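Chain by chain, the residues run as shown.
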Amino acid sequence: MARRLPSLNQLRAFEAAARHGSFKRGAAELCVTQAAVSHQVKGLEAALGVQLFHRATRKVWLTQDGQRLLAPLTAALDEIETAVLDATGTRMTGEISLTAAPFYGNRFLMSRLPRFHAAQPGLTVGLSLSFAEEDLAQAGLDGAVRYGAGNWPGLTGWLIHRDRIGPVCASPLLDGAALPRTPASIARMPLATTTSWAGEWQEWFAAAGYVPDGPLHLTEYDSRALAFDAALSGNAVCLADIRLTAAAEASGSLRRLHPVVAERPQGIHVVYPAGRRPDPRVAAFADWLRAEAAGVAAEAAL
C-alpha cells in the first residue's frame with residue numbers, strides 16, 4: 001500500500017520553524033529564505049487540511065494540531081538522519097564547526113586539537129575564536145565552547161569542567177620569597193580581579209580558612225584574559241583555573257602561591273541549539289575535551 005505522506009520538504013520546513021519558534025531561524029538552519037519556509041508550511045497546511053501555526057506581526061506560534069505534529073515528526077526526522085549517516089558511513093566524519101572564546105581557545109584548546117584529530121580519524125574541528133556569543137543555528141555552527149553557569153537561552157549541552165581557581169603570579173613579583181606563601185602574605189600583594197567575578201578573592205580566602213584583616217589591594221580588569229596577562233607580566237597575582245595555568249607553571253612563567261583551590265559554579269561547557277538532536281560528532285568532541293581537562297587537573301593536583 002502506498003504511503004500517505006506529504007512532501008518531505010514541507011515537513012522539514014515545518015519542523016525547523018516549529019522547533020525554533022521562528023520562520024526566520026528555521027530558514028537559517030535549512031539555508032533557504034524565510035519566504036520559502038512560509039510557502040512550504042502553507043503547502044503542508046493545505047495538504048493536511050489543518051492550521052499548524054498562529055500568525056501575527058513578527059510572531060508565530062503553534063496551534064494544537066502543530067504541537068501534536070512536532071514531537072513525533074522531530075523524532076522521525078532524527079531517525080531518518082541517523083539511518084542515512086549509518087548507511088553512508090559518514091556518521092563520524094567530516095568537519096564540525098565550533099566557536100570558542102579566544103582566552104580558552106589559545107590557552108587550552110588549540111594546542112590539544114591534534115590529539116582529537118588523531119583519536120577521530122576522518123573528523124576535523126573547524127574552530128573559530130570569538131568573544132561574540134553568536135546564534136549558532138543562524139551562523140551555521142554545530143556548537144560552541146562557552147564559559148559560564150550553563151544557562152544560555154536556546155542552548156543545551158554538556159558540562160566539561162567547573163572552575164577550580166588558585167593564586168598564581170610571575171616569579172619577579174615574589175622577590176625571592178619562599179613558596180607556598182601564607183594566605184596573610186598573599187592578601188598584602190597586588191591582586192587582579194575581574195568585573196564579572198569581583199568576589200572571587202573573598203571566596204578563595206574563605207576556602208583557605210583565612211579572613212583578611214584589612215582592605216585588599218585589588219585591580220579590576222574587564223576580562224579573565226587581562227587579569228591573566230597582569231599576572232604573566234609580573235604586575236599582580238590572579239586567580240585562574242588550574243587547567244589554564246598548567247602550561248605556564250610547567251614553563252616557569254607562572255608560580256603557584258598556595259595549594260588551596262576554590263571551586264566555582266561557572267565553568268566550560270560544549271553547547272548546541274536546544275531542540276536539535278545532538279550531533280554524535282559534537283558529543284564525541286565534548287567527551288574528549290572532558291577527558292583532556294580531567295587529565296590536566298589530575299596532574300596539577302600532584
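On a predicted model such as this, the values are computed, not experimentally measured, just so you know.

Novice: What exactly am I supposed to notice about the overall build of the protein chain here?
Specialist: Helices and strands together make up the secondary structure of the protein chain, namely 13 helices and 11 strands. Radius of gyration (C-alpha) of the protein chain: 25 Å, far over the 19 Å computed for a compact globule of 302 residues. C-alpha atoms of the protein chain, sized along the principal axes, occupy 85 × 45 × 30 Å. Sorting the 302 residues of the protein chain into buried and exposed places 43% on the buried side. When contacts within the protein chain are restricted to residue pairs at least 6 apart in sequence, those whose partners lie at least 24 apart make up 75%. Of the roughly 15400 Å² that the protein chain leaves accessible, carbon and sulfur atoms contribute 54%. Positive and negative side-chain charges in the protein chain, numbering 29 and 28 respectively, have mean positions lying 5 Å apart.

Novice: Is there a simple way to explain empty space enclosed by the protein in this structure?
Specialist: If you roll a probe as big as a water molecule over the atoms, it shows you where there is empty space left. All chains considered together, the criterion is met by one cavity of 30 Å³ or more. Of the voids in this model, the largest cavity is the one considered here, and its volume is about 120 Å³. Lining the largest cavity are 15 residues, with Phe 103, Arg 224, Leu 239, Ala 240 and Arg 264 sitting closest to its centre. For the lining of the largest cavity, the secondary structure elements donating two or more residues are strand S6 (155-169), helix H11 (224-232) and strand S9 (238-241).

Novice: Which parts of the structure should I look at to understand the environment of Val 168?
Specialist: The topology assignment puts Val 168 in strand S6. Here Val 168 falls in the buried class, since its relative accessible area comes to 0%. A C-alpha to C-alpha distance of 24 Å links Val 168 and Ala 291, two positions 123 residues apart in sequence. What Val 168 contacts, discounting residues up to four positions off in sequence, is Ala 231, Ala 236, Val 237, Cys 238, Thr 245, Glu 249, Leu 254, Arg 255 and Arg 256.

Novice: Explain the state of the cysteines to me, please; I cannot follow it from the model alone.
Specialist: Disulfides are covalent bonds that connect the sulfur atoms of two cysteines. Tallying each qualifying case throughout the model produces zero disulfides. Its sulfur unpaired, Cys 169 is 9.0 Å from the next cysteine sulfur, which belongs to Cys 238. Assessed through its relative accessible area of 0%, Cys 169 is described here as buried.

Novice: So what exactly am I meant to see when it comes to the layout of surface pockets here?
Specialist: In this model, the largest pocket occupies a volume close to 860 Å³. Forming the walls of the largest pocket are 30 residues, and the residues nearest its centre are Arg 12, Glu 29, Glu 81, Arg 276 and Arg 277. Within the residue set of the lining of the largest pocket, elements represented by two or more residues are helix H1 (8-20), helix H2 (23-30), helix H4 (64-88) and helix H13 (280-301). With seven residues, H4 is the single largest residue contributor to the lining of the largest pocket. Estimates place the volume of the second largest pocket at around 450 Å³. Lining the second largest pocket we find 23 residues, and of these Ala 101, Phe 131, Glu 133, Tyr 147 and Arg 224 sit closest to its centre. Put simply, the parts of the chain that give the lining of the second largest pocket at least two residues each are strand S3 (94-100), helix H5 (102-109), strand S5 (143-148) and H11. With four residues, the top contributor of residues to the lining of the second largest pocket is S5. The residue makeup of the lining of the second largest pocket, split by class, is 14 nonpolar, five polar and four charged.

Cut-offs applied
Residues numbered from 1 in each chain as written. Predicted model: local features only at pLDDT ≥ 70, side-chain atom pairs only at ≥ 80, totals over all residues. Heavy atoms only, no water. Helix = DSSP H or I, 4+ residues; strand = E, 2+ residues; numbered from the N terminus. Rg over C-alpha atoms; globule rule 2.2 N^0.38 Å. Buried < 20%, exposed > 50% of the residue type's maximum accessible area, 1.4 Å probe, protein only. Contact = heavy atoms within 4.5 Å. Areas by Shrake-Rupley, 256 points an atom, 1.4 Å probe, with all protein chains shown as cover. Lys, Arg positive; Asp, Glu negative; His and termini not counted. Charge placed at Lys NZ, Arg CZ, Asp CG, Glu CD. 1 Å grid on protein atoms, 1.4 Å probe; cavity = no way out; pocket = protein on both sides within 12 Å on 5 of 7 lines; lining within 4 Å. Points joined across faces, edges and corners; volume = space filled by probe spheres on them. Disulfide = S-S within 2.5 Å. Nonpolar A, V, L, I, M, F, W, Y, C, P; charged D, E, K, R; others polar.

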